[in-house]
Amino acid sequence: LNALLSTCVDAARLGCREIRAVQANRESNGLDVMSKPGEEFRYTVLTEADLAAQQAIVAALRAAWPGLLVVGEEDDAAAAEKGVPGEEPPVLSKDLCADAACERAVPMADIAVFVDPLDGTREFVEGRLGNVQSLVGIAVDGRAVAGAVGLP
């Protein structure tokens, strides 16, 4: 699991990079805010940062681990998001967590990775970048075993 955890750490970094890019762009172009599909606007919002971070994280993880179950919080909203045509996701590092205590081998079919690309969307909308994060968690047989938190 160390190599998978490493790629989750690297993927969380990618998500943070996307969040920072949207944050930098919002000062000159504003911020697109919408409601999540099927939900009332005042309760749950979705931004271009959520979608960009999800696309970056999920695409990179799926490229690094073909066949891995990756579940993103924004899967319904991001279903139409395809990334940049012809652009390959960055290669994720598999050795960032070589010393972690997750050395056991686990069949791919027993693993799921859960992604919250921008935890704290409401705070992001309010301009409080220090109160948001990208979360990537690993579950084995339905039980959380490791994860990564990225701070943009």
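Reference entry: report on the structure contained in this document. (Residues numbered from 1 in each chain as written. Predicted model: local features only at pLDDT ≥ 70, side-chain atom pairs only at ≥ 80, totals over all residues. Heavy atoms only, no water.)

Helix and strand content of the protein: four helices and six strands. Ordered by position from N to C terminus, the α and β elements of the protein give α-β-β-α-β-α-β-α-β-β. The buried share of the protein, taken over its 152 residues, is 39%. Taking all contacts inside the protein whose residues are at least 6 apart in sequence as the whole, residues at least 24 apart take part in 70%. (Helix = DSSP H or I, 4+ residues; strand = E, 2+ residues; numbered from the N terminus. Buried < 20%, exposed > 50% of the residue type's maximum accessible area, 1.4 Å probe, protein only. Contact = heavy atoms within 4.5 Å.)

So, on to the packing of aromatic side chains. Using the criterion set out here, one finds zero aromatic pairs in the structure. Of note, Arg26 hangs over the ring of Phe124, and the distance from its end group to the ring centre comes to 4.9 Å. Over the face of the ring belonging to Trp65 we find Lys94, whose NZ or CZ atom lies 4.0 Å from the ring centre. (Phe/Tyr/Trp six-rings, centres within 6.5 Å; stacked < 30°, edge-to-face > 60°. Lys NZ or Arg CZ within 6 Å of the ring centre and 35° of its normal.)

Attention shifts here to the sheet that holds strand β3 (residues 69-72). Strand order in this open sheet of four strands is β3-β4-β5-β6, and the pairing throughout is mixed. The open sheet terminates on both sides in strands that have one partner only, identified here as β3 and β6 (143-150). For this sheet, the mean angle separating the axes of adjacent strands, direction not counted, is 20°. Relative to strand β5 (residues 133-140), helix α1 (residues 2-29) is tilted by about 155°, and along the sheet it contacts β4 (111-119), β5 and β6. Together, β3, β4 and β5 form the strand contacts of helix α2 (residues 48-64), whose direction differs from that of β4 by roughly 155°. (Pairing = 2+ DSSP bridges. Axes fitted to C-alpha atoms, helices over the stretch in contact; angles between N-to-C directions.)

Right, let's get into α2. Over its 17 residues, α2 extends 24 Å from the first C-alpha to the last, a length consistent with the 24 Å expected when each residue adds 1.5 Å. Regarding α2, the residues found buried are Ala49, Asp50, Leu51, Ala53, Gln54, Ala56, Ile57, Val58, Ala60 and Leu61. With a side-chain oxygen positioned 3.1 Å from the backbone nitrogen of Ala49, the residue opening α2 is Thr47. (Expected span 1.5 Å × (residues − 1). Polar contact = N/O pair within 3.5 Å; in protein donor to acceptor, adjacent residues only side chain to side chain.)

Along the polypeptide, Asp10 turns up in helix α1. Excluding anything up to four places from it in sequence, Asp10 contacts Val91, Leu92, Ser93 and Leu96.

Another aspect to go through is the nonpolar core. Among soluble globular proteins, nonpolar side chains are generally buried collectively. Ranked by internal contacts, the top residues of the largest apolar core, which has 24 residues, are Leu4, Cys8, Leu61, Ile111, Val113, Val115 and Val136. Mapped by element, the contributors of at least two residues to this core are α1, α2, β4 and β5. Here this core gets six residues from one element, more than from any other, and that element is α1. If sequence neighbours within four positions are ignored, Val136 has contacts with Cys8, Ala12, Ile57, Leu61, Val113, Phe114, Val115, Gly147 and Ala148. Ile19, Val22, Phe124 and Val132 belong to the second largest nonpolar core, which has seven residues in total. (Core = buried A, V, L, I, M, F, W, Y, C linked by side-chain atoms within 4.5 Å.)

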